[in-house]
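Structural features, examined
Chain residues, written in single-letter form:
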Amino acid sequence: MSDLELYKVTDAMRLLKLSRTTVYEQLRTGRLRSVRQGRSRLIPPAAIREYIALLEREAAGGREVSA
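Keep in mind it's a predicted model, so treat the numbers as computed, not measured.

To continue, consider the overall build of the protein chain. If you tally the helices and strands in the protein chain, you get three helices and three strands. Listing every helix and strand of the protein chain by position from the N terminus yields β-α-α-β-β-α. When the 67 residues of the protein chain are sorted by exposure, 27% land in the buried category. Here the protein chain displays about 4,900 Å² of accessible surface, and carbon together with sulfur accounts for 51% of that area.

What follows is the structure, given as structure tokens:
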């Protein structure tokens, strides 16, 4: 992932292997960050990495996860 890219929701769905409904729910709750460009919602690569790290922390039961 390049930090110079912004991903469409469909790209994030593919990268995260989540349904459209789940991605929009994560966006709505603030667990996955996004930006708006006109009517498009775009997701920065850093936001995808942060979301994956959040899932790893939750899976570890709040324990610190080493990279």
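Counting 13 residues, the largest nonpolar core has Val9, Val23, Leu27, Leu32, Ile43 and Ile48 as its most contacted members. If we skip the residues at most four places from it in the chain, Val9 touches Val23, Tyr24, Leu27, Arg41 and Ile43.

Taken residue by residue, helix H1 (residues 9–16) has Val9, Ala12, Met13 and Leu16 as its buried positions. Summarising the axial view, the buried residues of H1 lie within an arc of 105°, below the 170-degree limit, and thus occupy one face. On its buried face, H1 is in contact with strand S1 (7–8), helix H2 (20–29), strand S3 (40–43) and helix H3 (45–59). At the exit of H1 stands Lys17, carrying a positive phi of roughly 55°.

About the thresholds
Residues numbered from 1 in each chain as written. Predicted model: local features only at pLDDT ≥ 70, side-chain atom pairs only at ≥ 80, totals over all residues. Heavy atoms only, no water. Helix = DSSP H or I, 4+ residues; strand = E, 2+ residues; numbered from the N terminus. Buried < 20%, exposed > 50% of the residue type's maximum accessible area, 1.4 Å probe, protein only. Areas by Shrake-Rupley, 256 points an atom, 1.4 Å probe, with all protein chains shown as cover. Core = buried A, V, L, I, M, F, W, Y, C linked by side-chain atoms within 4.5 Å. Contact = heavy atoms within 4.5 Å. Arc of directions from axis to C-beta.

Any link to function would need more than the numbers given here.
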